[in-house]
There are 2 protein chains.
Amino acid sequence: MSVRPATPFLLVDGLVVRRNLQRLAEYADEFELAVRPHTKTHKSEILAKLQVEAGAYGLTVAKIGEAEVMSHVTDDLLLAYPVVDAEQAKRLAKLAAHNTVRVAVDSRFAIETLAAAARSASTTMGVLIDIDVGLHRTGVQTVGQSLVLAELVDRTAGLRLDGLFCYPGHVWVMPEAQGPLLGEVSDLLYETLGHWAEHGIEAAIVSGGSTPTCFQSHLVPELNEIRPGTYIFNDVNTWRGGFCRLEDCAARVVATVVSTAVPGQVVIDAGTKTLAADACVALPQSGHGYLPSFPEARIVKLSEEHGQLDVRECRHAPQLGERVEIIPNHICPCMNLQDRFWWKEEDGRIEPLPVDARGKVT
Amino acid sequence: MSVRPATPFLLVDGLVVRRNLQRLAEYADEFELAVRPHTKTHKSEILAKLQVEAGAYGLTVAKIGEAEVMSHVTDDLLLAYPVVDAEQAKRLAKLAAHNTVRVAVDSRFAIETLAAAARSASTTMGVLIDIDVGLHRTGVQTVGQSLVLAELVDRTAGLRLDGLFCYPGHVWVMPEAQGPLLGEVSDLLYETLGHWAEHGIEAAIVSGGSTPTCFQSHLVPELNEIRPGTYIFNDVNTWRGGFCRLEDCAARVVATVVSTAVPGQVVIDAGTKTLAADACVALPQSGHGYLPSFPEARIVKLSEEHGQLDVRECRHAPQLGERVEIIPNHICPCMNLQDRFWWKEEDGRIEPLPVDARGKVT
């Protein structure tokens, strides 16, 4: 490394990122799935471009502000988030003038809000009907409700019915055990699509996926599009969950040991304002991240700018002033805390890249 | 409100902020305590100025980048954080050319790093010796160790021994029950200062405090300076902990209900990327924030951009498209997620203010 950024900073290994993108592209090719990566994970135009170069069909975003940023990279954007505010819908309609804009919705209210904005801007927005496949966060609750909304979209000027949308975010079990749960998702989608077909409604897109389930998407043959986010980096959640190998984790926070005053403990300059506070989903007691070079160290406590490591089990504990690398539990909120990240090329050079869509919360 | 910002956004009530500042100023006056507010809470130059106008003696920061920002407001800065990196120490020494810069340290390593930077910049930095009073995060472990470091600073060119530093962050019990714990803190400080005095070492500053303990600082008569941060806003933590009233909470996230598809549940557009993931310290099961207008609603789950409210106990649940206000559990990481916040004046007008030191992580 010729540059030596001040800690804490986020370091992303370009080689691992490219390998992760390639792995998904090959899987998607094999099962004829369109990949529409969720860019909330990285919020970076440059990384979104890499995803498109690796074959992504379009991009997914959580917020309109993110859509505005990612429209620099693709002209096919899916807002995987309801829009129920007239002003916000207007912003989105503006974007639809020069892009294919699709939105996942679960209410008549959202449909009417979007339609009014689209008509007022003399444009058209695509709509996918969000159906709850088990997470119980958003999504219509029955096959019948999904048809009611699909038919409403189908006959509403300014909107185009693009298909069906689901998020199996509740499927957080090891890949070999996902079968039964994904079978249920498949059954529900099959039933829904059949019901729609009986009423002459077709779903061009059937969109699903998340990183834990993305390589098991063939167990839900109704899907023709997946929207994983984390897969580009992976993190302790995907690794401990059994969805990737440790060497597939591309992003690490680099921190410095700033205090060793308390016996058996080492304090690093990365707390919740750097690593984010998320516990590991599969192993909540495993601490706030993983140190590959100090596997016996456990980040037992985070405050805002301090990470407290229990190093009593370490044969060699990191020393005062030493730099350590931590794979975060959940990379998405971690990236969201950075203004920039450092990209490492295969030759070891590193350069800072902006987190373009950070702070685009509306 | 003439302006209607898109949600989610953070709204700060100027009247409540001013009242909170006034309350602390009066307490500090009564007990002759210097107030050095921790600006990590708001990261705002304008709010820091209000604190100085309310009588603050100087400002506290967590990071050198924050110190650089806050040097626009005061010329007396305390970095309540160890510095163990030579390059970082150089940055701080540069700041010391035109400001009084003080640093809390707990190691010989940090002292030597700071001294080298100070000498190289032909300046002087003040040092406070950090002693662990029970949190077990940083701080020397014994009275003897504190004297060793104090004497080292005292004889080191480039450094000035400013005094003793502690952070009683472990004292998180109701005010009426703080006596015994704060008594222990007092005993340790008394013993330390006595030991120093026996060796001819004086502590001009004895710095302590945190928001939960700040109005009980008179129970630790050794202190002559306190460094509360959260008190300017308060939050669910300080309210549920019994350290303020609900009406003393100055900051609220304004969010919109974006989905009501799942029965008994309302989804708002504020998740961990807006509210932060911190649980309430006093009542971890109380949910991810508090809605004053919907006290029966409980934010049971946050994902990145969704907040799931259980509204089954509500007589009137918020409706799709409606805006709601949430007092965050922990305002510091919440503010750190915003690029700006909205300041409400007494006449109801609101205006956006920048979070100047956000992202200054190094």
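Here goes a summary of the coordinates provided.

Reading the values: the criteria
Residues numbered from 1 in each chain as written. Chains lettered and ligands numbered in written order. Predicted model: local features only at pLDDT ≥ 70, side-chain atom pairs only at ≥ 80, totals over all residues. Heavy atoms only, no water. Buried < 20%, exposed > 50% of the residue type's maximum accessible area, 1.4 Å probe, protein only. Helix = DSSP H or I, 4+ residues; strand = E, 2+ residues; numbered from the N terminus. Pairing = 2+ DSSP bridges. Least-squares fit on C-alpha atoms with pLDDT ≥ 70 in both. Contact = heavy atoms within 4.5 Å. Arc of directions from axis to C-beta. Polar contact = N/O pair within 3.5 Å; in protein donor to acceptor, adjacent residues only side chain to side chain. Buried area = accessible area lost by both parts, 1.4 Å probe. Salt bridge = Lys/Arg side-chain N within 4 Å of Asp/Glu carboxyl O. Axes fitted to C-alpha atoms, helices over the stretch in contact; angles between N-to-C directions. Parallel < 35°, antiparallel > 145°, perpendicular 65-115°, else oblique. Left-handed = near helix turned anticlockwise from the far one by under 90°. Nonpolar A, V, L, I, M, F, W, Y, C, P; charged D, E, K, R; others polar. Phe/Tyr/Trp six-rings, centres within 6.5 Å; stacked < 30°, edge-to-face > 60°. Lys NZ or Arg CZ within 6 Å of the ring centre and 35° of its normal. Core = buried A, V, L, I, M, F, W, Y, C linked by side-chain atoms within 4.5 Å. Expected span 1.5 Å × (residues − 1).

Remarks on the pairing of strand 14 (residues 323-326) of chain A
All names here are of chain A.
Working step 1: Going residue by residue along strand 14, you find V324 and I326 tucked away on one face and R323 and E325 left uncovered on the opposite face.
Working step 2: Across four bridges, the pairing between strand 10 (residues 251-259) and strand 14 is antiparallel. Bridge pairing in strand 14 links V254 to E325.

A word on the relation of the copies chain A and chain B
Working step 1: Aligned on chain B, chain A shows an RMSD of 0.0 Å; the corresponding rotation is 180 degrees and the shift along the axis is 0.0 Å. In symmetry terms, the pair is related by a two-fold rotation axis. When each C-alpha of chain A is compared by its distance to the rotation axis, A:A277 comes out closest, at 3.0 Å.
Working step 2: The overlap is high: 100% of the interface residues of chain A also sit at the interface in chain B, so the same surface is used on both sides.

Some points on the sheet that holds strand 4 (residues 76-79) of chain A
Sheets are built from strands paired through backbone hydrogen bonds, the pairs being either parallel or antiparallel.
Residues and elements named next belong to chain A.
Working step 1: One open sheet accounts for eight strands, arranged 2-9-8-7-6-5-4-3; its pairing is parallel. A strand with exactly one partner marks an edge of an open sheet, and here the two such strands are strand 2 (34-35) and strand 3 (59-61).
Working step 2: Relative to strand 8 (residues 205-208), strand 7 (residues 159-165) is paired through three bridges, and the arrangement is parallel. Pairing of G163 across the sheet is with I205, part of strand 8.

Here's the deal with helix 4 (residues 86-96) of chain A
Residue and element names in this part refer to chain A.
Working step 1: Listed in full, the buried residues belonging to helix 4 are Q88, A89, L92, A93, L95 and A96. The arc that holds every buried residue of helix 4, seen down its axis, measures 155 degrees, which confines them to one face.
Working step 2: Against helix 3 (64-70), strand 4, strand 5 (100-105), helix 5 (108-120) and strand 6 (125-130) lie the buried residues of helix 4.
Working step 3: Its side-chain oxygen placed 3.0 Å from the backbone nitrogen of E87, D85 serves as the N-cap of helix 4.

Focus on the interface of chain A and chain B
Working step 1: Across the contact, 58 residues belong to chain A and 58 residues belong to chain B.
Working step 2: Together, A:Y81, A:R137 and A:K273 form the three largest contributors to the area buried by chain A at its contact with chain B, with a combined 14%.
Working step 3: Put simply, chain A and chain B have 10 salt bridges between them.
Working step 4: A salt bridge links A:R358 to B:D339, with the shortest nitrogen-to-oxygen separation between them at 2.2 Å.
Working step 5: At the boundary of chain A and chain B, one finds 24 residue pairs in polar contact (both at pLDDT 80 or more).
Working step 6: At the level of elements, strand 10, strand 11 (265-268) and helix 11 (331-336) of chain A are the ones that each hand at least two residues to the side of chain A that touches chain B.
Working step 7: When residues of the side of chain A that touches chain B are assigned to their parent elements, the largest contribution, four residues, is made by strand 10 of chain A.

Things to note about the packing of helix 6 (residues 143-154) of chain B against helix 7 (residues 179-198) of chain B
Residue and element names in this part refer to chain B.
Working step 1: Viewed as axis vectors pointing N to C, helix 6 and helix 7 meet at an angle of 45 degrees, and their least axial separation amounts to 9 Å. In terms of their interaxial angle, helix 6 and helix 7 are classed as oblique. Crossing handedness for the pair helix 6 and helix 7: right-handed. Contact with helix 6, carried on its side by V143, G144, S146, L147 and A150, involves L188, E191, T192, H195 and W196 of helix 7 and no other residues of that element.
Working step 2: Tallied by class, residues from the contact of helix 6 with helix 7 come to five nonpolar, four polar and one charged.

Remarks on the packing of aromatic side chains
Working step 1: Applying the stated criterion to the full structure yields 10 aromatic pairs over all chains.
Working step 2: Both rings, one in B:Y27 and one in B:F31, keep their centres 5.0 Å apart while their planes meet at 50 degrees; by these two values the pair is tilted.
Working step 3: We classify B:Y27 as buried; its relative accessible area is 7%.
Working step 4: Plain terms: the ring middles of B:Y27 and B:F215 are 5.4 Å apart, the flat faces sit at 70 degrees to each other, and that makes the pair edge-to-face. Here the residue B:Y27 occupies a position in helix 1 (residues 14-30), and B:F215 occupies one in the loop between helix 8 (211-214) and strand 9 (225-226), the gap between them amounting to 188 residues.
Working step 5: Judged by its relative accessible area of 17%, B:F215 is buried.
Working step 6: Counting every residue linked through ring pairs, the aromatic cluster contains A:Y27, A:F31 and A:F215.
Working step 7: Above the ring of A:Y81, the side-chain terminus of A:K63 is found at 5.0 Å from the ring centroid.
Working step 8: The cationic tip of B:R23 hangs over the ring face of B:F215; the distance from NZ or CZ to the ring centre is 3.8 Å.

Quick notes on the sheet that holds strand 7 (residues 159-165) of chain B
Residue and element names in this part refer to chain B.
Working step 1: Pairing within the open sheet is parallel, and its eight strands lie in the order 2-9-8-7-6-5-4-3. Edge strands, defined here as strands with exactly one partner in the open sheet, are strand 2 (34-35) and strand 3 (59-61).
Working step 2: Pairing of strand 3 with strand 4 (residues 76-79), which is carried by three bridges, proceeds in the parallel orientation. By the bridge assignment, V61 is partnered in strand 4 with L79.

Comments concerning the nonpolar core
The nonpolar side chains of soluble globular proteins are, as a tendency, buried together.
Working step 1: In terms of nonpolar packing, the biggest core is built from 202 residues, with A:I129 and B:I129 touching the most fellow members.
Working step 2: Look past the residues within four positions of A:I129 in its chain and what remains in contact with it is A:V105, A:V140, A:S146, A:L149, A:A150, A:V153, A:L161, A:G163, A:L164, A:F165 and A:W196.

Quick word on the pattern of salt bridges
All names here are of chain A.
Working step 1: The full count for this structure, using the stated rule, is 48 salt bridges over all chains.
Working step 2: One salt bridge in this structure joins E345 and R18, with 3.4 Å as the shortest N-O distance. Of this pair, E345 sits in the loop between strand 15 (340-344) and strand 16 (350-354) while R18 is found in helix 1 (residues 14-30), placing the two residues 327 residues apart along the sequence.
Working step 3: For R18, a relative accessible area of 35% gives the class partly exposed.
Working step 4: Note that D347 and R349 form a salt bridge whose closest N and O atoms lie 2.8 Å from each other.

Quick look at helix 7 of chain B
Side chains three or four residues apart in an α-helix point the same way, a direct result of the helix having 3.6 residues per turn.
Residues and elements named next belong to chain B.
Working step 1: Its 20 residues give helix 7 an end-to-end C-alpha distance of 28 Å, which sits within 8% of 28 Å, the value for a rise of 1.5 Å per residue.
Working step 2: Among the residues making up helix 7, those that are buried are L182, V185, S186, L189, T192 and W196. With its buried residues spanning 130 degrees around the axis, helix 7 presents them on a single face. Of the residues in helix 7, the exposed ones pointing more than 90 degrees away from the buried face are P180, E184, D187, Y190 and E198.
Working step 3: Looking at the buried side of helix 7, the elements it contacts are strand 6 (125-130), helix 6, strand 7, strand 8 (205-208) and helix 8.
Working step 4: Note on helix 7: the residue one or two positions beyond its end, G200, has a positive phi of about 75 degrees.

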